[in-house]
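Fold and contact review
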Amino acid sequence: MAKVSFDEIDTPKAATAETAIVAKTETALAAPLITDPSKGLVGEWTSQDIRLPRLNLVNKSGDLSNSFTPGCWVIQKEHQISTVTKDNKEKGEPITVIGATMFKQYQENIPYDERETTPTRVFDTAGEVRNANGVISRKRGVGNFAEIAHIEFFIQANDDLSEDASALFFYTFGDKKYARVVYTASSTAFSAVAVPMASALRGHLAETGLIGGFWHLGSILTKDTKNSWWSPTLRTAGLVDAEVQKEIAALL
């Protein structure tokens, strides 16, 4: 059976992770009101009501593969923002991103074909997993929980965006346009994306935090003896200007 990335699967609890990224930093306090009648937002609206567009990597199977090129990055399941390398069809052209926040959870590894009858559980801590008689493991099946990370990215606009996609890139930092999205890294994507970013906080981003570094987020066709699937790749791409860091920090 072909491997399926959690990035293309909407699970009941993970689907709300976009708001959890913001809410996680406000555990001791009520979320601040963002009500603004002058802009049409009336009533008791808070930051927890905001949902960011989702970033997905298109794989060989799943609904996205029916509309977009496998190996490419797509926002909101509507806008393809990258391409596969012309001279290497097993490699995707990278997009330039800045990491903002990462929210780690543990998601139960229920096989895809069993999820309709067995709901997938998600916990915030390893202690909660143990209290539910679960274990931290990459194995499939009830009771096995693997790390996932909901990562908030600012994506730098490239020159090939469609007019519709360009509308999502409305943040301006320096002389570049950016879109603000959330991406869920699970399974091997957790190791390929979340771990290097977290590790950078002990390295070149130790003083600045995540917002201090550019990354190239690409893709590569991964193979084993039976199957092939697209996996994300991540490479450092330099440091973010201090003034841009301040502008991003003001939004978080």
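Figured I'd write up the structure that's included with this text. Because the structure is a prediction, the values reported are computed rather than measured.

Turning next to the pattern of salt bridges. Overall, the coordinates contain four salt bridges when judged by the stated rule. Among the salt bridges present, the one from Arg138 reaches Glu147, with a minimum N-O distance of 3.9 Å. Residue Arg138 is classed as partly exposed on the basis of its relative accessible area of 41%. Between Glu152 and Arg180 there is a salt bridge, with the nearest N and O atoms lying 2.4 Å from each other. With a gap of 28 residues between them, Glu152 in strand S7 (residues 144-156) and Arg180 in strand S9 (residues 176-186) connect regions that are remote in the sequence.

Counting residues in hydrophobic clusters, the biggest one holds 33 residues, and the most contacted among them are Leu55, Phe153 and Ile155. Every element with two or more residues in this core is listed here: strand S1 (55-57), strand S2 (73-75), strand S4 (91-108), S7, S9, helix H4 (188-200), strand S10 (213-223) and strand S11 (228-239). Excluding anything up to four places from it in sequence, Phe153 contacts Leu55, Val97, Ile98, Gly99, Ala179, Arg180, Val181, Tyr183, Val193, Met197 and Leu217.

On the basis of which strands lie adjacent, the open sheet formed by three strands has the order S1-S2-S3 and antiparallel pairing. Two strands in the sheet have a free side with no partner beyond their single neighbour: S1 and strand S3 (79-80). The pairing of S1 with S2 spans three bridges and is classified as antiparallel. Across the sheet, the residue bridging to Leu57 is Trp73, located in S2.

Counted under the stated rule, the structure contains eight aromatic pairs. Residues Phe153 and Tyr183 carry aromatic rings whose centres are separated by 6.5 Å and whose planes lie at 25° to one another, so their mutual orientation is stacked. In this pair, Phe153 is assigned in strand S7 and Tyr183 in strand S9, connecting sequence segments 30 residues apart. Of the two residues examined, Phe153 and Tyr183, each falls in the buried class. Grouping aromatic residues by their ring pairs yields a cluster made of Phe154, Phe170, Tyr171, Phe173 and Tyr178.

What counts, and at which threshold
Residues numbered from 1 in each chain as written. Predicted model: local features only at pLDDT ≥ 70, side-chain atom pairs only at ≥ 80, totals over all residues. Heavy atoms only, no water. Salt bridge = Lys/Arg side-chain N within 4 Å of Asp/Glu carboxyl O. Buried < 20%, exposed > 50% of the residue type's maximum accessible area, 1.4 Å probe, protein only. Helix = DSSP H or I, 4+ residues; strand = E, 2+ residues; numbered from the N terminus. Core = buried A, V, L, I, M, F, W, Y, C linked by side-chain atoms within 4.5 Å. Contact = heavy atoms within 4.5 Å. Pairing = 2+ DSSP bridges. Phe/Tyr/Trp six-rings, centres within 6.5 Å; stacked < 30°, edge-to-face > 60°.

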